[in-house]
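# Per-entry structural report
Next come the chains, spelled out residue by residue.
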Amino acid sequence: MKIVETVAEVREQVKAWRKEGLTVGLVPTMGYLHEGHQSLIAKACAQNDRVVVSIFVNPTQFGPNEDLESYPRDLEHDAALCESTGAALIFHPTPEEMYPKGFCSFVDMNVLTKELCGLSRPVHFRGVCTVVSKLLHIVQPDKAYFGEKDAQQLAVIRRMVLDLNMNVEIVGCPIVRESDGLAKSSRNTYLSPAERKAALVLSKSIFAGKQLAEAGETDAAKLVQAMTKIIEAEPLAKIDYVKVVDLMTMQQIPKLDRPFLAAIAVYIGKTRLIDNFMMQAGGTAE
Ligand SMILES: Nc1ncnc2c1ncn2[C@@H]1O[C@H](COP(=O)(O)OP(=O)(O)OP(=O)(O)O)[C@@H](O)[C@H]1O
Ligand SMILES: CC(C)(CO)[C@@H](O)C(=O)[O-]
Ligand code: BAL
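On a predicted model such as this, the values are computed, not experimentally measured, just so you know. (Residues numbered from 1 in each chain as written. Chains lettered and ligands numbered in written order. Predicted model: local features only at pLDDT ≥ 70, side-chain atom pairs only at ≥ 80, totals over all residues.)

### As for the overall build of the chain
Secondary structure assignment for the chain yields 10 helices and 10 strands. Taken over C-alpha atoms, the radius of gyration comes to 19 Å for the chain, in line with the 19 Å a tight globule of 286 residues would show. For the chain, the spread of C-alpha atoms along the three principal axes comes to 55 × 40 × 40 Å. For the chain, the proportion of its 286 residues judged to be buried stands at 37%. Summarising the internal contacts of the chain: among those between residues at least 6 apart in sequence, 70% fall at separations of at least 24. (Helix = DSSP H or I, 4+ residues; strand = E, 2+ residues; numbered from the N terminus. Rg over C-alpha atoms; globule rule 2.2 N^0.38 Å. Buried ≥ 20, exposed ≤ 12 C-beta atoms within 10 Å, placed from the backbone. Contact = placed C-beta atoms within 7 Å.)

Have a look at this one:
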């Protein structure tokens, strides 16, 4: 497995693979890899001849008061995980490589990015769309892999690829959880032992909402109410949002009569964590 820092090196490698007729998968990440990322890499390796993992803490998707500087980084550990999982190349660019002096082109989106995480992170999805577009142009993969943990991001990227006629298949991958239910996230490392315990209200709320929907509840407000109650019982938790939205448009819906996403964002102390479940109408897992 190779680690490269420049766009030119990625292009050269992918060109050589294409000459051999090989298929290429891309797994975009911000590094500090865990079993959630590993499941994406493993799926990509199963479905493609060669897999590129990008590791880049993308400055344009962080707001001014967010954790860009403190975001955890460990390239040595990440490289070992990528290699043992079967990736062929890590693309680990510098910010200057991705955003050279004079950079001024961005990919933005309406509607889908104005809800949920977009409300408390107004510049976030513009940064995500821009960097993912760049990565897709640089690598030109057959398939690119994204986690359902970031469900709004997945919906936004699917829409961007459709709207901008990008020639790539977007593959969604299920949420990987700790044994006690907490969704794996690089940001879990910020949690103190007491906060780590408190963070369990996220998955408890998600599992309770899912159970209610599976039992036939069709009123979105009732779902939100039940999920909210569980989080509010935890003194260390502060709700950013608990919402039920149409899976395609990310707009809030009153009835669970179509494929939907129940999504939450909760501050545990200073750490903002997200979780969700998706379902078809009538209690079938998405
Ligand atoms: N627990 C998980 N299960 C499945 N996919 C995941 C999980 N955590 C992250 N991913 C996916 O991995 C990709 C890279 O995510 P990222 O590097 O931001 O990791 P993260 O752990 O979500 O970090 P953060 O703390 O920023 O939320 C994204 O497509 C994301 O959805
Ligand atoms: C897709 C992504 C790698 C873009 O920076 C990031 O938003 C993430 O890790 O989910
Ligand atoms: N997994 C999403 C990346 C971010 O929170 O910036």
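Read on, since the account is not over.
### Some words on the UniProt feature "binding site: (R)-pantoate" (unreviewed entry) in the chain
UniProt annotation of "binding site: (R)-pantoate" (unreviewed entry) refers to Q61 and Q153 when read in the numbering used here. Considering the C-alpha atoms alone, the annotated residues occupy 93 residues of sequence yet fold into one spot, their largest mutual distance being 11.6 Å. Here Q61 is to be found in the loop between strand 3 (50–55) and helix 3 (75–85). The buried category is assigned to Q61, around which 21 C-beta atoms lie within 10 Å. Beyond its immediate sequence surroundings of up to four residues, Q61 is in contact with H124, G127, V128 and V131. Mapped onto the secondary structure, Q153 falls in helix 7 (residues 151–163). Accessibility expressed as a C-beta count within 10 Å gives 22 for Q153, which makes it buried. The residues touching Q153, leaving out its near neighbours within four places in the chain, are V128 and F146. (UniProt positions renumbered as here; feature names shortened; annotations may be inferred.)

### A word on the environment of L119
The topology assignment puts L119 in helix 5 (residues 117–120). Placed 31 residues apart in sequence, L119 and D150 show a C-alpha to C-alpha distance of 15 Å.

### Let's talk about the domain arrangement of the chain
A common way to state how big an interface is: give the accessible area lost once the parts meet. The domain architecture assigned to the chain consists of domain 1 (2–173) and domain 2 (186–280). Contacts between domain 1 and domain 2 engage 15 residues on the former and 16 residues on the latter. Of all the elements in the fold, those that place two or more residues in the side of domain 1 that touches domain 2 are helix 5 and helix 7. Examining the composition of the side of domain 1 that touches domain 2, we find that three residues originate from one element, helix 7, more than from any other. (Domains from an automatic or database assignment.)

### Focus: the site of ligand 2
What surrounds ligand 2 is the set P28, T29, M30, N58, Q61, V128, V131, V132, D150 and Q153. Looking at the shell around ligand 2, the elements that each hand over two or more residues are strand 2 (24–29) and helix 6 (124–139). Residues that form the shell around ligand 2 fall into these classes: five nonpolar, four polar and one charged. (Near = placed C-beta within 6 Å. Nonpolar A, V, L, I, M, F, W, Y, C, P; charged D, E, K, R; others polar.)

### What to know about the sheet that holds strand 5 (residues 143–147)
On the basis of which strands lie adjacent, the open sheet formed by six strands has the order 1-4-3-2-5-6 and parallel pairing. Each end of this open sheet is capped by a strand with a single partner; those strands are strand 1 (2–4) and strand 6 (169–173). With direction set aside, neighbouring strand axes in the sheet form an average angle of 25 degrees. The pairing of strand 5 with strand 6 spans five bridges and is classified as parallel. Bridge pairing in strand 6 links Y145 to V171. Across the sheet, helix 1 (residues 7–19) is in contact with strand 1, strand 2, strand 3 and strand 4 (89–91); its angle to strand 1 comes to roughly 140 degrees. Here helix 6 sits on the sheet in contact with strand 2, strand 3 and strand 5, set at roughly 150 degrees to strand 2. (Pairing = 2+ DSSP bridges. Axes fitted to C-alpha atoms, helices over the stretch in contact; angles between N-to-C directions.)

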